Amino acid sequence: MATPVAVMFSGGKDSVLALDRVLQAGYDVRRLVTLYDGGSGRVRFHGVPVEVMRAQAGALGIESRMYPTTAETFEAVFLRALEELRAEGFGAMVFGNIHLADVRAWYEERVQAVGLSHVEPIWGEEPRRLAREVVVRGYRALLTCVEEARADVAWLGRTLTEELIGAFERRGIDVCGERGEYHTLVTDGPLFARPLAVRTGETRVEAGFRMLDVRLAERAVDTDT
């Protein structure tokens, strides 16, 4: 039997693509691990509420484990999540990092320190190609957050398409938004048993980022444990 692995999961296109890659490679993915802001009940930067993340995990058919954090407790909570994985027999944790070496190093050091393997299936690949792979694979990625200084606020609420990728290229930003230019929520695609039904509401601005309120459009099964 293959050793189970977990995916560090934000619900956005990069973590979904990383999940897609390792499943295609034959990994036995048993858990999605999400750390979120305990004060707001939302995934940091993406702005997606925990209840939407639970429903997304349900649509993907994978158990989710969600941990509330603050800026001060993030590392301690992350280490606890790793210890739980090791104690439960998991062998590796998967990430959707692309080219921010300091971010990768921070996670890799801690994952390996507890005896887990650190897996980066999309690391070092061309952002333009990765963004287009998301579209070509048939994933529907909704832009839930844009950085006002570098992105176009008109992109907020749009779905990632070839046309939008072209707009990113003309704007000169990282096409995958790896430096925080934008963030997404994936609501459908080949790994989904059913589309994630969401509705969008008001926008808000926090520290130079414009975020779209995303809520469930219907009651979904809670897969959090």
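Throughout, a residue's number is its position along its own chain's written sequence, starting from 1. At least 70 in pLDDT is required for a residue's local features to be given in this predicted model, at least 80 for side-chain atom pairs to be given and counted, and no such filter applies to totals for whole chains, interfaces and linings, which use all residues. To get the side-chain values, take all heavy atoms of the structure and skip hydrogens and water.

Novice: Explain the sheet that holds strand E4 (residues 92-94) residue by residue, including any values.
Specialist: One key point about sheets: their strands pair by backbone hydrogen bonds, in either a parallel or an antiparallel sense. In this scheme, strands are said to pair when DSSP sees at least two bridges between them. Here a strand is any run of E in DSSP of at least two residues, a helix any run of H or I of at least four, and the numbering for each starts at the N terminus. Within the open sheet, the 5 strands sit side by side as E3-E2-E1-E4-E5. Their pairing is parallel. Each end of this open sheet is capped by a strand with a single partner; those strands are strand E3 (63-69) and strand E5 (117-119). Averaged over all neighbouring strand pairs, the angle between strand axes comes to 25 degrees, with direction disregarded. Where strand E2 (residues 28-37) and E3 come together, 7 bridges link them in parallel fashion. Paired with Leu 35 across the two strands is Tyr 67, which belongs to E3. Any two residues whose heavy atoms approach within 4.5 Å at even a single point are treated as in contact. For every element, the axis is a line fit to its C-alpha atoms; helices are fit only across the contacting stretch, and the angle between N-to-C directions ranges from 0 to 180 degrees. In the packing of helix H1 (residues 13-24) onto the sheet, the strands contacted are strand E1 (4-8), E2, E4 and E5, and the crossing angle to E2 comes to about 165 degrees.

Novice: Just give me the short version of the nonpolar core, but keep the residues and values in it.
Specialist: Side-chain atoms within 4.5 Å link the members of a nonpolar core, which is a set of buried Ala, Val, Leu, Ile, Met, Phe, Trp, Tyr and Cys residues. Only protein chains enter the accessibility calculation, which uses a 1.4 Å probe. A residue is then buried if its area is under 20% of the maximum for its type, exposed if over 50%, and partly exposed in between. Residues Phe 9, Leu 19, Leu 32, Trp 155 and Phe 168 are the most contacted members of the largest nonpolar core, which totals 54 residues. Among the elements that line this core, the one with the most residues is helix H2 (residues 50-60), at 7 residues. Excluding anything up to four places from it in sequence, Leu 19 contacts Val 7, Phe 9, Val 29, Leu 32, Leu 60, Ile 62 and Leu 191. In terms of nonpolar packing, the next biggest core, distinct from the first, is built from 17 residues, Leu 85, Phe 90, Met 93 and Val 114 among them.

Novice: So what's going on with the pairing of E1? Which residues, and what values?
Specialist: Of all 5 residues making up E1, 5 are buried, and the element is well covered by its neighbours. In terms of strand pairing, E1 meets E2 through 5 bridges, oriented parallel. Bridging from a neighbouring strand, Met 8 pairs with Val 33 of E2. The sheet contact formed by E1 and E4 spans 3 bridges and is parallel. Residue pairing in the sheet places Val 5 in a bridge with Ala 92 of E4.

Novice: Residues and numbers for the packing of helix H5 (residues 127-136) against helix H6 (residues 162-171), please.
Specialist: Between H5 and H6, the shortest axis-to-axis distance is 10 Å and the interhelical angle comes to 165 degrees. Classified by the interaxial angle, the pair formed by H5 and H6 is roughly antiparallel. As for how H5 packs across H6, the hand of that crossing is right-handed. Of H6, the residues touching H5 (which contributes Arg 128, Ala 131, Arg 132 and Val 135) are Glu 162, Ile 165 and Glu 169. Partitioning the contact of H5 with H6 into residue classes produces 3 nonpolar, no polar and 4 charged. Angle categories are assigned with fixed cut-offs, so that under 35 degrees is roughly parallel, over 145 is roughly antiparallel, 65 to 115 is roughly perpendicular, and the rest are oblique. Handedness of a crossing follows from how the near helix is turned relative to the far one, being left-handed for an anticlockwise turn of less than a right angle and right-handed for a clockwise one. Three residue categories are used. Nonpolar comprises Ala, Val, Leu, Ile, Met, Phe, Trp, Tyr, Cys and Pro, charged comprises Asp, Glu, Lys and Arg, and polar comprises the others, including Gly.

Novice: Could you give an account of the pattern of salt bridges, naming the residues involved and the relevant values?
Specialist: Every case where a carboxyl oxygen of Asp or Glu lies within 4 Å of a side-chain nitrogen of Lys or Arg is listed as a salt bridge. Inspection of every chain in the model, using the stated rule, returns 28 salt bridges. Here Arg 31 ties to Glu 63 by a salt bridge, and the two come within 2.9 Å at their closest N and O atoms. Residue Arg 31 is located in strand E2, and its partner Glu 63 is located in strand E3; the two are separated by 32 residues in the primary sequence. For the salt bridge of Glu 84 with Arg 80, the shortest nitrogen-to-oxygen distance reads 3.4 Å. Separated by 4 residues within a single helix, Glu 84 and Arg 80 lie in helix H3 (residues 74-87), roughly one turn from each other. Salt bridges sharing common partners tie together Arg 31, Glu 63, Arg 65, Arg 80, Glu 84 and Glu 88.

Novice: How would you explain helix H4 (residues 101-113) if you had to name every residue and give the values?
Specialist: Helix span, expected: 1.5 Å multiplied by one less than the number of residues in the helix. For H4, built from 13 residues, the straight-helix expectation of 18 Å at 1.5 Å per residue is met to within 8% by its first-to-last C-alpha distance of 18 Å. Residues of H4 that are buried include every one of Arg 104, Tyr 107, Arg 110 and Val 111, and no others. For H4, the buried positions fall inside an angular range of 145 degrees around the axis, keeping them on one side. For H4, the exposed residues set more than 90 degrees away from the buried face come down to Ala 101, Asp 102, Glu 109 and Ala 113. Elements in contact with the buried residues of H4: E1, H3, E4 and E5. Following H4 by one or two positions, Gly 115 has its phi on the positive side, about 95 degrees. This arc is built from the directions going out from the helix axis to the C-beta atoms.

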